[in-house]
Amino acid sequence: MTDSKYFTTTKKGEIFELKAELNSDKKEKKKEAVKKVIASMTVGKDVSALFPDVVNCMQTDNLELKKLVYLYLMNYAKSQPDMAIMAVNTFVKDCEDPNPLIRALAVRTMGCIRVDKITEYLCEPLRKCLKDEDPYVRKTAAVCVAKLHDINAQLVEDQGFLDTLKDLISDSNPMVVANAVAALSEIAESHPNSNLLDLNPQTINKLLTALNECTEWGQIFILDCLANYTPRDDRESQSICERVTPRLSHANSAVVLSAVKVLMKFMEMLPKDLDYYGTLLKKLAPPLVTLLSAEPELQYVALRNINLIVQRRPEILKHEMKVFFVKYNDPIYVKLEKLDIMIRLASQANIAQVLAELKEYATEVDVDFVRKAVRAIGRCAIKVEQSAERCVSTLLDLIQTKVNYVVQEAIVVIKDIFRKYPNKYESVIATLCENLDSLDEPEARAAMIWIVGEYAERIDNADELLESFLEGFHDESTQVQLQLLTAIVKLFLKKPTETQELVQQVLSLATQDSDNPDLRDRGYIYWRLLSTDPVAAKEVVLAEKPLISEETDLIEPTLLEELICHIGTLASVYHKPPSAFVEGSRGVQHKRLPGSAGSGESVDSPDPASAAGVTEAPPAVIPSQGDLLGDLLNLDLTPPTATGPPPAPSSGMQLGAMDLLGGGLDSLLGGDIGGSAAMGAGFGAAPAAMPASFNAPVSGGLDDLFDLGGSVGMPMGAYSPPKTVWLPAMKAKGLEISGTFARRAGVIQMEMTLTNKAMSVMTDFAIQFNRNSFGLAPAGPLQVLTPLSPNQSIEVSLPLSTVGPVMKMEPLTNLQVAVKNNIDVFYFSCQYPISMLFVEDGKMERQVFLATWKDIPNDNESQFQIKDCHLNSDAASNKLQGSNVFTIAKRTVEGQDMLYQSTKLTNGIWVLAELRVQAGNPNYTVSLKCRAPEVSQCVFQSYEAMLKN
């Protein structure tokens, strides 16, 4: 009989019966009882009351029963930590059992019990198991080190387990090597700068040897580890590629993709004229093609990865176009992905074949697929110039079918073809105009209006056509309204005598009758241009337009490089870097491809900042506050593609007039701070040498305190304030935004909860900030991946950079935000705690601290009281260090602890502090010294918040 019988009982008083059975003398009855307990636990019943009775069953030679008891222990140890300690002796005993399966089981279970009290007992058995004679026990122990590191990292480092783990990379058993690599990689992920996996040619050789013999998942761990290695030269790179290539024929698709990732990375270092380079390109195609014969879900993952590979190296699959032809029974998500790759591979050689396929697809029944197929024809025309004529005639054939959605898509892509090839295909405009009445989608209507406005001189009744759109002006979408306004102004500039009434009508509708700020602004600009200088208006509105590029949807090169380094992971499926969707405290490393051979780029060259000898950015000068809302209203709310350097401030900002950083700035930056010099100092000028006083021998009343270094314990987590409502639903047509700010792994995060309290679905979210005191700006688009339904909430984490435009705000940490969705644009302001700007390298050297404290004028010192704080000085120091406030030294004078602390802001401003803590007195005194005294009040508020929460 099967074990399903254990899940069918619904008796009452069961716990009491099970207790009796667990204490039975008969082994079989005991085993039956434990199985019933596990079954109850599996279906969600609370059987924690049986903990002591189940633990008593551990003393057995029966492997099956032992496994069941261990399973129970893993589940309930967290809720019963004191009881779990009872099991420790059995674990220790089992770790010395003659049966290697029991030894491994014991160490695996101890690693899964996440209870601090037990971890210290685990160290000795784990040390023995790491050196066990049986490889099965060693490989289990290797993974246990990673689990233990997750619970208590300090303990693992103190006990020397990391060194033992590194030794296991040289183990004779390939599975032990694979697990050691997996464990070290896992630990290294949470400590990006630890350099645990010190990869060198000898280690790489050992890994490649183990690669041939370990299991498929072991191979994946080793290949992923190899992908993080940077070879010394092209010979080593070729040697590794030759030994990895056999993995391409593996049956497991994950192994294949991991091998492809390694080869894609190391190919960057091979000279293109090398024979082996061509051979490798040929070898990469068959495994990728084979992946497409798997089930649809695997096909989709393979296609998303192939999409990246084709963008980086289209030559790999240039002869494999037929593989990407759509099958009738492919799911829609596979069809759309194949279509995308077909266009990327389209070239003069295969365009006839591709167009014949696309025309066939355009007659399918699946609407989404047909739309994409029609768009694909347009993209082929733009990509392969020789095929443009054939593409246009294909599109005209499709328009003749009179299928509504086909016609609309065709008009949208023909508009792009006109942009790419001006004065070439305008003869088709008459055919397009015939279908004017059937257009009901905003994008198609906007495209048609653009065509009529752009070629008004060739269309006899252009004014009538545009007038027909004008009748329902207020019912149109914003996209159509803006396009119509521009088209009528173009028409007026081309035929001024016939269309004067029409242009007045549209300008009046756009400026006086509309409440859309974008439309109103554009209307007023056109109105003023036409009324003051019609010649200038003509030059602006009828200016020659730049040709559109071939591929508008290519992934940005640096992002593509990073994604290639993540082939075979979720990042390659989402086409987003891990930092965009991985949350939590783990530092996400940004990976890059090595410099290609012959590019003159050193493989292991340091980053440009360190190469130039720049140690830290100079403090940024904050310009004065201007028209705050003026900037927000003119924001472009499209998601930012990449964060560049901050723009230089406009000449209207009087930087010279405002020395924000107090009297000591001259010496700090080594020069006068007037006019343009200030601009250079604030925005990217190289820092001047350290003032003489920093290097001078230090003496004086404070000297002795640096010989009395106070003990600073382990820092706690960074302080993050609780979420508050920033934008109430009443003010935002049903959208409520509450949020807070957090700093994780050196990245500032704006954490928001978006709640839809309206009756309609919300989509198309975007966000933008006004200029602010510290240059905060979104580091990427607002990631709301699914529509927000009524009464639904969604958590969003937006990474922020500090390289945006700068302007002093009042209060200093005020942030003005605009959020757009499909309904409207909404504005709100919130305040971020200045502690979010405290950087990780804010610990000053002792001598530098002393010299800087003396150097900053006494007028810049501010003193504050922190009341009702019940921490001792060590606890306060630990708490502050979690938020990057570093204790440089501590001394005790007459029972009063004095902590000397330093903090550095993202714009390079240093804040020095003296914190006085008197035992038994809940009131602290904090003195702050800074060259920019304006920040002191904000820093004090953060001190108070960090210490009290």
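Criteria and cut-off values
- Residues numbered from 1 in each chain as written.
- Predicted model: local features only at pLDDT ≥ 70, side-chain atom pairs only at ≥ 80, totals over all residues.
- Heavy atoms only, no water.
- Buried < 20%, exposed > 50% of the residue type's maximum accessible area, 1.4 Å probe, protein only.
- Helix = DSSP H or I, 4+ residues; strand = E, 2+ residues; numbered from the N terminus.
- Pairing = 2+ DSSP bridges.
- Arc of directions from axis to C-beta.
- Contact = heavy atoms within 4.5 Å.
- Axes fitted to C-alpha atoms, helices over the stretch in contact; angles between N-to-C directions.
- Phe/Tyr/Trp six-rings, centres within 6.5 Å; stacked < 30°, edge-to-face > 60°.
- pLDDT = per-residue confidence, 0-100.

1. Things to note about the pairing of strand β10 (residues 886-893)
And step 1. Of all eight residues in β10, six are buried; the element is thus mostly enclosed.
And step 2. Examined bridge by bridge, β10 and strand β11 (residues 896-904) share seven bridges and lie antiparallel to one another. Residue Ala889 lies in a different strand from β11, and its bridge partner there is Tyr900.

2. Examining helix α26 (residues 462-470)
And step 1. Here α26 has its buried residues at Ala462, Leu465, Leu466, Phe469 and Leu470. Buried residues of α26, viewed axially, fall in a sector of 145 degrees; they line one side.
And step 2. Summarising the contacts, the buried residues of α26 are in contact with α24 (429-434), α25 (442-454), α27 (478-494) and α28 (500-511).

3. Quick look at the sheet that holds strand β7 (residues 814-820)
One key point about sheets: their strands pair by backbone hydrogen bonds, in either a parallel or an antiparallel sense.
And step 1. The strand order across the open sheet built from three strands is β4-β7-β8, with neighbouring strands paired in antiparallel fashion. Two strands close off the open sheet at either side, each with one partner strand: β4 (766-769) and β8 (825-831). Each adjacent strand pair in this sheet contributes to an overall mean axis angle of 25 degrees, direction not counted.
And step 2. Pairing of β4 with β7, which is carried by four bridges, proceeds in the antiparallel orientation. Among the inter-strand pairings, Ile767 is bridged to a residue of β7, identified as Val819.

4. Quick word on the packing of aromatic side chains
And step 1. The final tally for this structure, using the stated rule, is twelve aromatic pairs.
And step 2. Centroid distance Phe741 to Tyr832: 6.0 Å. Interplanar angle 65 degrees. Geometry classified as edge-to-face. With a gap of 91 residues between them, Phe741 in strand β2 (residues 735-744) and Tyr832 in the loop between β8 and α38 (846-855) connect regions that are remote in the sequence.
And step 3. With relative accessibility at 2%, the residue Tyr832 sits in the buried group.
And step 4. Relative to Trp853, the ring of Phe849 has its centre 6.0 Å away and its plane inclined at 25 degrees; by these criteria the two rings are stacked. Here the residue Phe849 and the residue Trp853 both occupy positions in helix α38, the gap between them amounting to four residues, near one helical turn. Both residues of the pair, Phe849 and Trp853, count as buried.

5. Things to note about the sheet that holds strand β5 (residues 777-778)
And step 1. Overall, antiparallel pairing links the five strands, which are arranged β1-β2-β3-β6-β5 in an open sheet. The sheet is open, and its two borders are formed by β1 (724-727) and β5, each paired with just one other strand.
And step 2. Two elements, β2 and strand β3 (residues 747-756), share ten bridges in a ladder whose sense is antiparallel. The partner of Ser738 across the bridge, within β3, is Thr753.

6. Focus: the confidence of the model for the protein chain
Do not read the predicted coordinates in detail wherever pLDDT is low.
And step 1. On average, residues of the protein chain score 80 in pLDDT, and 84% of them reach the 70 mark or higher.
And step 2. Contacts from residues 598-715, a stretch scored under 50 in pLDDT, to residues over four places away or in other chains number 182 contacts.

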